Amino acid sequence: MEQPDAVTTRTEASWGWLALALAAQMGWGAYPVLLRYLQTVSGIPSLSLLAMGNLVVLLIVSLIILPRVDKSIFRLHIVWLFGLMVVLRGITNLLATRFTLAVYAQLIYLMTPFLVALLSRVALKEQLPRHTLKALTVALLGALLIMSANLGQTAVAGNRHDLWGILLAIASSLFLALYMIITRRTARRNASGEALLLVHLLSLFIFSGLASLLIGEDWTQWGHLSITDWWVFAAFSLGVLLGANLGQIRSIQHLGAPLVSSLMAIRLVSALLLAGLLLGERLTSPWQLLGAALVIVTITWYLRQQ
């Protein structure tokens, strides 16, 4: 019979990994808010922001994991197809948060599990998970309720182009769904998670850095950032791109993907809280609160069913 102390220790460890998973999901919820702040309030050119954020993490990660990664992986075509999806997802994500509210962007990103299910049905002929269409209908109703009224007086209201931002967020979610499907296929080629992380960071850094230089973005703005701006950039690069990424990977290894993904809806809560503090984006009506509750409960329930 297992000793009570051993059971207690294992339970405490599980709660610890659950807390880490929750923190990682909240970090990803903050991601569009931090992106929007750095682009519209700090005034950092979009592509240079993506390049610098990924460079910081790439330097740290390369020192730790590059020596033990099988270099032959980088000759696989599917790995660089994965890199292409990373770039398309990253650019559309970046531009979406420049043009529309961070809360709207995060709301659309939460629909990604439904897109994955639908694309897997079409492309891979997999069976559609139970309740997908019902849950998608309820989640879309919640999203419409949230978008039915303004989110208060935002800090960057003059820079909004909601239609373009929402279309870009939809495209970003589509590319993320394709990214997830391709990631599953890379497992058949024995591509490790560490190798994919390096490809992820390297692809975004090279593309955004070169594109920024080609279109002539003004990098001098980096020399005019305030202390607050640098703190937000640190939260973006070290907190989300590094911390939330590694936290999610480690928690999935110990708890499994289904449990970790079932916490995904907390991203909307995180986005709402941080957007209220940094950008002044707040829910202002009971209908919006009802919509947020519908989205959070529906997506959590749907992912738990899987």
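What counts as what
Residues numbered from 1 in each chain as written. Predicted model: local features only at pLDDT ≥ 70, side-chain atom pairs only at ≥ 80, totals over all residues. Heavy atoms only, no water. Helix = DSSP H or I, 4+ residues; strand = E, 2+ residues; numbered from the N terminus. Rg over C-alpha atoms; globule rule 2.2 N^0.38 Å. Buried < 20%, exposed > 50% of the residue type's maximum accessible area, 1.4 Å probe, protein only. Contact = heavy atoms within 4.5 Å. Areas by Shrake-Rupley, 256 points an atom, 1.4 Å probe, with all protein chains shown as cover. Lys, Arg positive; Asp, Glu negative; His and termini not counted. Charge placed at Lys NZ, Arg CZ, Asp CG, Glu CD. Expected span 1.5 Å × (residues − 1). 1 Å grid on protein atoms, 1.4 Å probe; cavity = no way out; pocket = protein on both sides within 12 Å on 5 of 7 lines; lining within 4 Å. Points joined across faces, edges and corners; volume = space filled by probe spheres on them. Nonpolar A, V, L, I, M, F, W, Y, C, P; charged D, E, K, R; others polar. Axes fitted to C-alpha atoms, helices over the stretch in contact; angles between N-to-C directions. Parallel < 35°, antiparallel > 145°, perpendicular 65-115°, else oblique. Left-handed = near helix turned anticlockwise from the far one by under 90°. Polar contact = N/O pair within 3.5 Å; in protein donor to acceptor, adjacent residues only side chain to side chain. Patch = residues over 30% accessible without salt bridge, like charges linked within 9 Å, V, L, I, M, F, W, Y side chains within 5 Å. Salt bridge = Lys/Arg side-chain N within 4 Å of Asp/Glu carboxyl O.

Chemist: I'm lost on the overall build of the protein in this one. Help?
Modeler: Assigned secondary structure in the protein consists of twelve helices and zero strands. The globule rule puts the C-alpha radius of gyration for 306 residues at 19 Å, and the 20 Å found for the protein is close to it. C-alpha extents for the protein along the principal axes are approximately 65 × 50 × 45 Å. Across the 306 residues of the protein, 46% fall into the buried class. For the protein, long-range pairs separated by at least 24 residues make up 89% of all intrachain contacts whose partners lie at least 6 apart in sequence. When the accessible surface of the protein is split by element, carbon and sulfur atoms take 69% of a total near 15100 Å². Computed over 20 positive and 11 negative side-chain charges, the inter-centroid distance for the protein is 12 Å.

Chemist: Just to check I follow, could you spell out helix α6 (residues 132–146) for this structure?
Modeler: Helical periodicity: at 3.6 residues per turn, an α-helix aligns residues three or four positions apart in one direction. The end-to-end C-alpha distance of α6 is 21 Å, a good match for the 21 Å that 15 residues give at a rise of 1.5 Å each. Burial in α6 covers these residues: Thr-132, Ala-135, Leu-136, Ala-139, Gly-142, Ala-143, Leu-145 and Ile-146. Of the surrounding elements, those touching the buried residues of α6 are α4 (102–109), α5 (112–123), α11 (266–278) and α12 (286–305).

Chemist: Any chance you could explain the layout of surface pockets here in plain terms?
Modeler: By rolling a water-sized probe across the atoms, one finds the places where empty space is left. Estimates place the volume of the second largest pocket at around 250 Å³. Contributions of two or more residues to the lining of the second largest pocket are made by α4, α5, α6 and α7 (162–186). At four residues, the largest contribution of residues to the lining of the second largest pocket is made by α6. Counted by class, the lining of the second largest pocket contains 13 nonpolar, one polar and no charged residues.

Chemist: I keep staring at the packing of helix α3 (residues 77–99) against helix α8 (residues 193–215) and nothing clicks. Help me out?
Modeler: The description of two helices packed together rests on the angle between their axes and the distance between the axes. Contact pair α3 / α8: the axes reach a minimum separation of 9 Å and the direction vectors enclose 55°. One element, α3, and the other, α8, form an angle in the oblique class. Crossing of α3 against α8: the hand is right-handed. Where α3 abuts α8, its residues Val-79, Trp-80, Phe-82, Gly-83, Val-86, Val-87, Gly-90 and Ile-91 lie against Leu-196, Val-199, His-200, Leu-202, Ser-203, Leu-204 and Phe-207. Partitioned by chemical class, the residues of the contact of α3 with α8 number eleven nonpolar, four polar and no charged.

Chemist: Whenever I open this one, helix α2 (residues 46–65) confuses me. Can you help?
Modeler: Spanning 20 residues, α2 covers 28 Å between terminal C-alpha atoms, matching the ideal 28 Å at 1.5 Å per step. Regarding α2, the residues found buried are Ser-46, Leu-47, Ser-48, Leu-49, Leu-50, Ala-51, Gly-53, Asn-54, Val-57, Leu-58, Val-61 and Ile-65.

Chemist: Explain the side chain of Ser-172 here, please?
Modeler: You can see Ser-172 is positioned in helix α7. By relative accessible area, Ser-172 is classed as buried at 0%. Looking at Ser-172, its side chain comes within polar contact range of the side chain of Thr-92, at 3.4 Å. Setting aside residues no more than four positions away along its own chain, Ser-172 makes contact with Arg-89, Thr-92, Asn-93 and Tyr-109.

Chemist: Help me understand a nonpolar patch on the surface, please; the structure alone is not making it clear to me.
Modeler: A contiguous nonpolar patch, built from Trp-80, Leu-202, Ile-206, Leu-210, Leu-214 and Ile-215 and spanning about 620 Å² of accessible area, is present on the exposed surface. Considering every element that reaches the nonpolar patch, the biggest residue donor is α8, with five residues. Structurally, the position occupied by Ile-206 is in helix α8. With a relative accessible area of 41%, Ile-206 lands in the partly exposed category.

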